Amino acid sequence: MRYYETPRISIDRFVEEYEFLNNFYPCRMELDNIVYPNAEAAYQAQKCTDTEEKRVFSQLDPMAAKRRGRALSPPPDWDRVRRRAMERVLRAKFLQNPELAAALLDTGDRMLQEGNGWHDLYWGVDLKTGAGENHLGLLLMALRADLRAGRLVPAAANLYHRAAFPGLRICLEDRDITCSDCACIVNAANETLLGGSGVDGAIHRAAGPELRAECRLLGGCRTGEAKLTKGYRLKAAHVIHTVGPVYGGPDGDEALSACYQNALELAAAHHIPTIAFPILSAGKFGYPPQKAAEIAVAAVRRWLEAHPESPMTVTFSCVQPALYAAMEKTLSRLARRGSSALTSDPVP
Ligand SMILES: Nc1nc(O)c(N)c(N[C@@H]2O[C@H](COP(=O)(O)O)[C@@H](O)[C@H]2O)n1
């Protein structure tokens, strides 16, 4: 949805297509020469005065960052400076990730408030009572006004890291999949195909409402299956939606392999040359990072080896540090066995 299409009602929870407003949303940002994987880690790190202690947060997923930040004793003037710390973090997040700045602008004049059920009355408001100071929402709205007026200007492109494993025809990026340069991206969807949270919400928000309209015609998707749509406002021309299993269920690992294989089969049938996968089932469906990584790599590798004539190259797009590390370990081990060529470069 674009700015002029948005109704003037408030956004009172930062979930689903508005999850990008949440500090837990995965996105790289640099602050004082440290690159963080999400705004929560960047914010919690500001409680440390020691740079090495701050650097620990560069490896933390949002929940781990929140826990570690809470266990620290903050500087004595923290209550006075924390709003300014959050403002710096939000500026870094949105100015260094232009697609997020565009999404913030697309919220138009809507009131932004972080409704929550965990009684945070400083950064948000209580969803039940409406009480709270909503400083996160206020800072986001001020940033939006600065972007709209041109007082703040986002970078031309966002920062990410790409590792190539040429012998394997596989790459690994720590990039938001909605910014992928591949012809097709894979969505970790649910059985309704009508959007949800996590990567599903991010893809639907970036693709626009036309994606949901096409998804409505598909009659859902069973676990392990894959369905194709257009990419609409995404850079990718196509989206393949697949439903991964929830961790711990019967035949889950086989279903997870089937997601990768069916997505690749569908892509090949439509002559798609490049495809980006998130690490399926490793988010809200609970697969442990190493297990999800091994199943992903084995399934893709098996398909590529069975189709040596295919021009397909596969990118794994992975925004969580623990998952990225598991993927890098798994792919490096395989590349050492299968190929001596291995490069790893920051982009752009
Ligand atoms: N590459 C990428 N870009 C995003 O914008 C994302 N939100 C994610 N998330 C990853 O997707 C996988 C499925 O998670 P959910 O079921 O959506 O929670 C998981 O690997 C997340 O880390 N990835």
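It should be emphasised that the depicted structure is a prediction, and the values quoted were computed from it without experimental measurement.

**Some thoughts on the site of the ligand**
Around the ligand, a shell composed of 18 residues is seen, among which Asp176, Val199, Ile279, Lys284 and Ser317 lie nearest. The contact in question runs from a nitrogen atom of the ligand to an N or O atom on the backbone of Arg175, over 3.3 Å. Side-chain polar atom of Ser317 to a nitrogen atom of the ligand: 2.9 Å apart, as the coordinates give it. In the complex, 93% of the free accessible area of the ligand, which totals 500 Å², lies under the protein chains. Grouping the constituent residues of the shell around the ligand by class yields 11 nonpolar, 4 polar and 3 charged.

**Observations concerning empty space enclosed by the protein**
Any empty space left between the atoms is revealed when a probe the size of a water molecule rolls over them. All chains considered together, the criterion is met by 1 cavity of 30 Å³ or more. Its boundaries defined by the atoms lining it, the largest cavity holds a volume of some 50 Å³. Lining the largest cavity are Glu87, Leu90, Arg91, Leu139, Ala142, Leu143 and Asp146. Contributing elements (two or more residues each) for the lining of the largest cavity: helix H4 (78-95) and helix H6 (135-148). By residue class, the composition of the lining of the largest cavity is 4 nonpolar, no polar and 3 charged.

Rules used throughout
Residues numbered from 1 in each chain as written. Predicted model: local features only at pLDDT ≥ 70, side-chain atom pairs only at ≥ 80, totals over all residues. Heavy atoms only, no water. Near = heavy atom within 4 Å. Polar contact = N/O pair within 3.5 Å; in protein donor to acceptor, adjacent residues only side chain to side chain. Areas by Shrake-Rupley, 256 points an atom, 1.4 Å probe, with all protein chains shown as cover. Nonpolar A, V, L, I, M, F, W, Y, C, P; charged D, E, K, R; others polar. 1 Å grid on protein atoms, 1.4 Å probe; cavity = no way out; pocket = protein on both sides within 12 Å on 5 of 7 lines; lining within 4 Å. Points joined across faces, edges and corners; volume = space filled by probe spheres on them. Helix = DSSP H or I, 4+ residues; strand = E, 2+ residues; numbered from the N terminus.

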